[in-house]
Amino acid sequence: MESSRTFRVIGATRTPKHDAGPGRPWLPDLKVLAVGFALAQIFVVKGCSWVAWFLSSLVHELGHTIAGLLVGLPSFPAIRLDGHAATMHGEFSATFALLATATLIGGAAHLFRNTEWRKSAIALAACVPLQLSLAFGAGRETFCLLAGHLGELAFATVFLVRALDHSDEDGTAIGRLLESTFALYLICHNATLFFGLATSERAVREYTGNGSFGLENDLLRVAGGTLGAPLTTVAVLMLVPTLAAPIAGLVIARCRR
């Protein structure tokens, strides 16, 4: 999902444009979202679904990997072209977790030196207490298991912000449509999965039997082990960040103008 734009952290500020401001019409945003949603439906067509699976698996396993590295679990993603994807991690290492903490603090300090990136620096520094509590607390395994879907939603939010960015120097309409398409596919895919698991026994049976490499799927491991709650409860809880992702993307995009 590349475009001609340079990737920027969402929290960064920039010089206001003459047409920026809360009074900007909503019609361009609605068009991008509507066309992106329509194009996202192509991914459910037989022959295109594998492409959607591969792209979503990339960000899903990247979410697991980043989470593992943050909480002191050396992690390694694996994706097989015949439809299997998983992230393996080693034993917990306090040294590894503290290195991740130092990286977050160092990154925040570096960003803070530039006034345009100070919001991002503050946001990054605010993650340090949470990272430490997860790394050395009881929520480490649950966080890593949920991080795949949360990673998909985080990427969806970023792509949605970029798709709704109308600054003059930021790429083409085609690039924004592609980003909107991928973002809305990820959001719709997760919403469909979680809603199905919360309401349909058939969806639960399918989810139970299709784990990659013969392993249990993430939410089953959370429900049956680390959280000890029914699968339907976990699915309902995951609907909250899923529904929040498009709202967050829209609000952030509007606030950046």
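Residues numbered from 1 in each chain as written. Predicted model: local features only at pLDDT ≥ 70, side-chain atom pairs only at ≥ 80, totals over all residues. Heavy atoms only, no water.

## Considerations on the overall build of the protein chain
As a reminder, the rule being used: Each helix corresponds to a stretch of at least 4 residues labelled H or I by DSSP, and each strand to a stretch of at least 2 residues labelled E; elements are numbered beginning at the N terminus. Exposed residues in this analysis have more than 50% of their type's maximum accessible area, buried residues have under 20%, and partly exposed residues fall in between, with area computed by a 1.4 Å probe over protein chains only. Between two residues, a contact is recorded if the distance between any of their heavy atoms is within 4.5 Å. Per-residue and other accessible areas were derived by the Shrake-Rupley procedure at a 1.4 Å probe size, with only the shown protein chains allowed to occlude residues.
Of regular secondary structure, the protein chain possesses nine helices and two strands. Along its sequence from the N terminus, the protein chain presents helices and strands in the succession α-α-β-β-α-α-α-α-α-α-α. Residues counted as buried form 39% of the 257 residues belonging to the protein chain. Residue pairs in contact within the protein chain that sit at least 24 positions apart in sequence constitute 72% of those at least 6 positions apart. Accessible surface, the protein chain: about 13,700 Å² in total, of which carbon and sulfur atoms supply 69%.

## With respect to the confidence of the model for the protein chain
As a reminder of what qualifies: Per-residue confidence from the predictor is reported as pLDDT, a score between 0 and 100.
For the protein chain, the average pLDDT comes to 85, and 86% of its residues sit at 70 or higher. The element-level mean pLDDT for the protein chain is lowest in helix α1 (residues 27-40), coming to 84, with helix α3 (residues 94-112) highest at 95. Contacts from residues 1-22, a stretch scored under 50 in pLDDT, to residues over four places away or in other chains number 54 contacts.

## Remarks on helix α2 (residues 49-70)
Rules: Between the first and last residue of a helix there are one fewer steps than residues, each counted as 1.5 Å, and that sum is the expected span.
With 22 residues, α2 extends 31 Å between its outermost C-alpha atoms, agreeing within 8% with the 32 Å of an ideal straight helix rising 1.5 Å per residue. The set of residues buried in α2 consists of Ala-52, Ser-56, Ser-57, Val-59, His-60, Glu-61, Gly-63, His-64, Thr-65, Ala-67 and Gly-68. For α2, the secondary structure elements touched by its buried residues are β1 (75-80), β2 (84-89), α5 (140-163), α6 (173-199) and α8 (218-226). A positive backbone phi angle near 85° is found at Gly-72, which sits one or two residues after α2.

## Observations regarding the packing of α3 against helix α4 (residues 118-135)
Rules: Each axis is a line fitted through C-alpha atoms, and for a helix only the stretch in contact is used; angles between axes span 0 to 180 degrees, taken between their N-to-C directions. Note that the term roughly parallel is reserved for angles under 35 degrees, roughly antiparallel for angles over 145, roughly perpendicular for angles of 65 to 115, and oblique for everything else. In this scheme, a crossing is called left-handed if the near helix is turned counterclockwise away from the far one by less than a right angle; it is called right-handed if the turn is clockwise. The residue classification treats Ala, Val, Leu, Ile, Met, Phe, Trp, Tyr, Cys and Pro as nonpolar and Asp, Glu, Lys and Arg as charged. All others, Gly included, are polar.
At a minimum axis separation of 8 Å, α3 and α4 run at an interaxial angle of 165°. One way to sum up the angle between α3 and α4 is to call them roughly antiparallel. For the crossing formed where α3 meets α4, the hand is left-handed. Each of Ala-97, Leu-98, Ala-100, Thr-101, Leu-104, Ile-105, Gly-107, Ala-108, Leu-111 and Phe-112 in α3 lies in contact with α4, whose residues at this interface are Arg-118, Ser-120, Ala-121, Ile-122, Leu-124, Ala-125, Val-128, Gln-131, Leu-132 and Ala-135. Each residue belonging to the contact of α3 with α4 can be placed in one class, and the counts come to 15 nonpolar, four polar and one charged.

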